[in-house]
Amino acid sequence: MTSFDRRDLGLLLLRLGAGGVLAAHGTQKLFGWFGGHGLEGTGQFMETVGYTPGKASATAAGLAEAGGGALLALGLATPAAGAAAAGAMTGASAVHAPNGFFNQEGGYEYAATLGLAATGLAIAGPGRLSLDHALGHVFDRGWMVPTALAATGLVTAVVVGARRKRLVRAEQGEQAALFDEQEALFGEG
């Protein structure tokens, strides 16, 4: 009989906690559960913060959170699950970054903490109290960790970068419109 150590129990608790929270947030986006707004409402919000198209962005974020979180909680496909959840939390952190670090000010503290927990689990592995262990780690090979994190990092950088470009263009458009409005009010020169 195999005895489990503190590390296995700690990883189980971390997986259940972080994975459960991520899964709940994802289902808010996808299905409107737990007081969420579902795909329509979340999609509209995503548009307002620069993630377009909104509904597709809401779907991607919801799947990464719900799917990644559920898989983390189960300890199944841990590298991919952790990477997916971390990517979603990076996108959320980008939205909250202008508000500073702390959550009570609307900052990125909460999203960053969940993202770091998911990344840590992807790297450390799920422990022996997991489906990955029970299945002989067929979805948790060593090469999968850097591959999943690199692929997710690349996709996340493209998505967050495109969002940033859209926000800059929108801000420049608003400034140009204000200049044109002032010019119309006060005339040229």
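Scroll up to find the structure this text is about.
Rules of the game
- Residues numbered from 1 in each chain as written.
- Predicted model: local features only at pLDDT ≥ 70, side-chain atom pairs only at ≥ 80, totals over all residues.
- Heavy atoms only, no water.
- Helix = DSSP H or I, 4+ residues; strand = E, 2+ residues; numbered from the N terminus.
- Rg over C-alpha atoms; globule rule 2.2 N^0.38 Å.
- Buried < 20%, exposed > 50% of the residue type's maximum accessible area, 1.4 Å probe, protein only.
- Contact = heavy atoms within 4.5 Å.
- Areas by Shrake-Rupley, 256 points an atom, 1.4 Å probe, with all protein chains shown as cover.
- Lys, Arg positive; Asp, Glu negative; His and termini not counted.
- Charge placed at Lys NZ, Arg CZ, Asp CG, Glu CD.
- Core = buried A, V, L, I, M, F, W, Y, C linked by side-chain atoms within 4.5 Å.
- Phe/Tyr/Trp six-rings, centres within 6.5 Å; stacked < 30°, edge-to-face > 60°.
- Lys NZ or Arg CZ within 6 Å of the ring centre and 35° of its normal.
- Polar contact = N/O pair within 3.5 Å; in protein donor to acceptor, adjacent residues only side chain to side chain.

### Some points on the overall build of the protein chain
What the protein chain contains, in helices and strands, is 7 helices and 0 strands. Ordered by position from the N terminus, the helices and strands of the protein chain form the series α-α-α-α-α-α-α. Since a compact globule built from 189 residues should have a radius of gyration of about 16 Å, the 20 Å found for the protein chain marks it as more spread out than a globular shape. Each of the three principal axes of the protein chain carries a C-alpha extent, and together these read 85 × 35 × 30 Å. Counting over 189 residues, the protein chain shows a buried share of 36%. Sequence-distant contacts in the protein chain: of pairs separated by 6 or more residues, those separated by 24 or more amount to 66%. Accessible area for the protein chain stands at about 10,700 Å²; split by element, carbon and sulfur atoms hold 66% of it. Computing the positive centroid from 12 side-chain charges and the negative centroid from 15, the protein chain places the two 14 Å apart.

### Considering the nonpolar core
Among the nonpolar cores identified, the biggest contains 13 residues, and Leu22, Leu72, Ala85, Met89 and Ala118 are the most heavily contacted of them. Looking at this core, the elements that each hand over two or more residues are helix 1 (6–31), helix 3 (54–74), helix 4 (78–96) and helix 5 (109–124). In contact with Met89, other than residues within four places in its own chain, are Leu22, Glu65, Ala111, Leu114 and Gly115. Counting residues in each nonpolar core, the second largest holds 7 residues, with Met46, Val49, Ala94 and Val95 among its members.

### Here we look at the packing of aromatic side chains
Taken as a whole, this structure holds 4 aromatic pairs when the rule is applied. With centroids separated by 6.5 Å and ring planes inclined at 85°, the aromatic side chains of Trp33 and Phe34 adopt a geometry described as edge-to-face. Relative accessible area serves as the criterion here: at 61%, Phe34 is assigned to the exposed category. With centroids separated by 5.0 Å and ring planes inclined at 80°, the aromatic side chains of Phe101 and Phe102 adopt a geometry described as edge-to-face. Each member of the aromatic cluster is reached from another via a ring pair, and the members are Phe31, Trp33 and Phe34. The cationic tip of Arg163 hangs over the ring face of Tyr51; the distance from NZ or CZ to the ring centre is 5.3 Å.

### Remarks on the side chain of Ser130
Residue placement: Ser130 occurs in the loop between helix 5 and helix 6 (131–134). Using a relative accessible area of 9% as the deciding quantity, one classes Ser130 as buried. Of note is the side chain of Ser130, whose polar atom sits 2.7 Å from the backbone oxygen of Gly127. When sequence neighbours within four positions are dropped, the list of residues in contact with Ser130 reads Arg15, Leu74 and Gly75.

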